[in-house]
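# Residue-level structural notes
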Amino acid sequence: MSIINIGLSGMSAANAGLSVTAHNTANAMTPGYSRQRIGFGAQTSGMGSGAGVGVSSVERMADNYLNQQIYKQKGSWGFNAISSQYMAKTETLLNNDSTSINTGLDRFNAALSEASTNPQDIAYRQTILSQSQSMVQRFNNLSAQLDSQAQQVGGQLNAAVSEANALVASIAEMNDSLRDTGGSGQQMTDLLDARDEAIRQLSSQMDINTNYNDDGTVTITLDQGQPLVSGSQASTLRQTADGGLELQRGQGRFALDDNMGGTIGGLLNYRDGELKELQKELDVMAYSFATQFNEAHSQGYDLNGDQGQAVFGGVDKIDGAAKNLTLLIDDPKQLAFAAKPGEPGNSENLQQLIDLKNAPVAIDTSTLDPAEAEKYKSAIAVLDGKSIYNSYTGMTGDWAIKTAQLEADTSAAKSLVEQAEGERASVSGVNLDEEAANIMTYTQMYQANAQVISTAQQLFDVTLSMFR
């Protein structure tokens, strides 16, 4: 083979090296990009003599094991991050002076205590009615805030499920494109990167397991074992009528529990666990507050000499008590502070109302509807034997501890994700200094081979001149 052709092969190889290097440099900041490395191989002629150089391969520098470590850590981080976000919001809500039940109880009981010095004073009584209305609003507003948060979680869950379905469908489609080529060839390397990036995004939405197949495809299953992607077949996540999740694959449907991991699992766990239990405990508090006060109030007599009537309404049942709580009286004269009729200065029953601050919650579940008693069983058990004030203090304290733990877990999970991504970057990441050195090397290689061709041309010209 002529020296010129050998030189041309060298120039072509150098040009290919420059193209790969340029591609690496251009994608240095592209998420999920795996740097490429070109391989050269010596060529020989049919007679065994040297015939220049050729490009033997363009290798994608990727390690599937390191990718799988990222997938695992992403799921844990996604779960903790979204849970911590909502827990922190609720902690602020529970402790805010404008919504705190304990702040309202302090002001309500202070108004009752002030009235004990002159129970027939209309101004004191009006203050009590104002604080009673404030208590109603606190329970109503806190319930509305939690309901709004539940809707927000539901909306974010819908978005997360839609995003997960889009990613699953995209991965299946890329599997189909890669299967025919076995995932090899320079033209496939960017598609492999795109698929791995899609899997990384999916892993932050839920816990998944991956298995890379010899035909270039990847099989993805949920951590619970249900199939998400198999070849070009993709399953679909759907929300059921009761807010749960199921996996649809063809005509088959698989019910999923809340242990999904990732952002979706965190949203489900928060909505169906922490938030729902908090709403139940709030309903039990509102129900106990109103029924205890109404019962004690009915033992006294008002300024008109009539026996006390219910002060708070909307608590015929525990379910929705915080949302439905209302104030039934608006006339301060109807507050029954006296133990006997016709004694406006008597404050014996008022003292009973004041003492309710430290009265333990004691709900007779036998008087409840069986279904309601079962639904609120755990919330009643948490509050039973404690005053509402102490119950709320304990609830906010427990919430703060859980929030702090989740924040610590989120920080730890983020560190593990960064560590896993750092390990991947050491193998697959683009080092711009290295690429700059490669540019110089391939440029020199190109120039040297161009010089070979130039030298060959000069020799050819010298040889021709000998026959002129």
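The text that follows walks through the structure, step by step, so that each part is easy to find.

Here is what the cut-offs are and how they apply
Residues numbered from 1 in each chain as written. Predicted model: local features only at pLDDT ≥ 70, side-chain atom pairs only at ≥ 80, totals over all residues. Heavy atoms only, no water. Axes fitted to C-alpha atoms, helices over the stretch in contact; angles between N-to-C directions. Helix = DSSP H or I, 4+ residues; strand = E, 2+ residues; numbered from the N terminus. Parallel < 35°, antiparallel > 145°, perpendicular 65-115°, else oblique. Left-handed = near helix turned anticlockwise from the far one by under 90°. Contact = heavy atoms within 4.5 Å. Nonpolar A, V, L, I, M, F, W, Y, C, P; charged D, E, K, R; others polar. Core = buried A, V, L, I, M, F, W, Y, C linked by side-chain atoms within 4.5 Å. Buried < 20%, exposed > 50% of the residue type's maximum accessible area, 1.4 Å probe, protein only. 1 Å grid on protein atoms, 1.4 Å probe; cavity = no way out; pocket = protein on both sides within 12 Å on 5 of 7 lines; lining within 4 Å. Points joined across faces, edges and corners; volume = space filled by probe spheres on them. Phe/Tyr/Trp six-rings, centres within 6.5 Å; stacked < 30°, edge-to-face > 60°. Expected span 1.5 Å × (residues − 1). Polar contact = N/O pair within 3.5 Å; in protein donor to acceptor, adjacent residues only side chain to side chain. Pairing = 2+ DSSP bridges.

This part takes up the packing of helix H3 (residues 101-115) against helix H11 (residues 388-428). Where H3 contacts H11, the axes come no closer than 9 Å and their chain directions differ by 155°. With respect to their mutual orientation, H3 and H11 come out roughly antiparallel. Considering only the axes of H3 and H11, their crossing is left-handed. Here Ile 101, Asn 102, Leu 105 and Asp 106 of H3 come into contact with H11, specifically with Ile 388, Tyr 389, Tyr 392 and Thr 393. When the residues that make up the contact of H3 with H11 are grouped by side-chain class, the tally is five nonpolar, two polar and one charged.

This paragraph deals with the nonpolar core. Membership of the largest hydrophobic core comes to 86 residues, with the highest contact counts inside it found for Phe 139, Leu 202, Met 206, Leu 228 and Ile 264. If one sorts the elements of this core by residue count, helix H4 (residues 122-179) sits on top with 17 residues. Apart from the residues lying within four places of it in its own chain, the contact partners of Phe 139 are Ile 101, Leu 282, Met 285, Ala 286, Phe 289, Ala 322 and Leu 325.

This paragraph deals with empty space enclosed by the protein. One pass over the structure, following the stated rule, counts one cavity of 30 Å³ or more. Estimates place the volume of the largest cavity at around 120 Å³. Considering the residues around the largest cavity, the lining is formed by Leu 105, Phe 108, Asn 109, Leu 112, Phe 289, Gln 292, Phe 293, Leu 353, Leu 356, Lys 357, Ile 388 and Tyr 389. The set of elements that each furnish at least two residues to the lining of the largest cavity consists of H3, helix H6 (262-297) and H11. The dominant element in the lining of the largest cavity, judged by the number of residues it contributes, is H3, at four residues.

Here we take up the packing of aromatic side chains. In the structure shown here, the tally under the stated rule is eight aromatic pairs. On the numbers, 5.5 Å between centres and 25° between planes, the contact of Tyr 86 with Tyr 270 is stacked. Here Tyr 86 is found in helix H2 (residues 64-95), whereas its partner Tyr 270 is found in helix H6, with 184 residues between them in sequence. Pair check on accessibility: Tyr 86 and Tyr 270 agree, each one buried.

Before going further, it helps to spend a moment on H3. Given a rise of 1.5 Å per residue, 15 residues ought to cover 21 Å, and the 21 Å separating the end C-alpha atoms of H3 matches this to within 8%. Considered for burial, the residues of H3 that qualify are Ile 101, Asn 102, Thr 103, Gly 104, Leu 105, Phe 108, Asn 109, Ala 111, Leu 112 and Ala 115. A side-chain oxygen of the first residue of H3 lies 3.3 Å from the backbone nitrogen of Asn 102; this N-cap is Ser 100.

Next up on the list: the sheet that holds strand E9 (residues 252-256). Read across the open sheet, the three strands follow the order E7-E8-E9; overall the sheet is antiparallel. The open sheet terminates on both sides in strands that have one partner only, identified here as strand E7 (236-239) and E9. This sheet shows a mean twist of 30° between the axes of neighbouring strands, independent of strand direction. Bridge analysis of strand E8 (residues 245-249) against E9 gives five bridges, and the strand direction is antiparallel. Bridging from a neighbouring strand, Gln 248 pairs with Arg 253 of E9.

Attention now goes to H4. With 58 residues, H4 should reach 86 Å at 1.5 Å per residue; the first-to-last C-alpha distance of 84 Å fits that figure. The backbone nitrogen of Ala 123 has a side-chain oxygen 2.8 Å away, supplied by the residue at the start of H4, namely Asp 121.

It is worth spelling out the sheet that holds strand E4 (residues 218-222) at this point. A sheet is described by the order of its strands in space; here four strands give the open sequence E3-E4-E5-E6, paired in antiparallel fashion. A strand with exactly one partner marks an edge of an open sheet, and here the two such strands are strand E3 (208-212) and strand E6 (233-234). Of the pairings in the sheet, the one linking E3 to E4 comprises five bridges and is antiparallel in character. Bridge pairing links Asn 211 to Thr 219 in E4.

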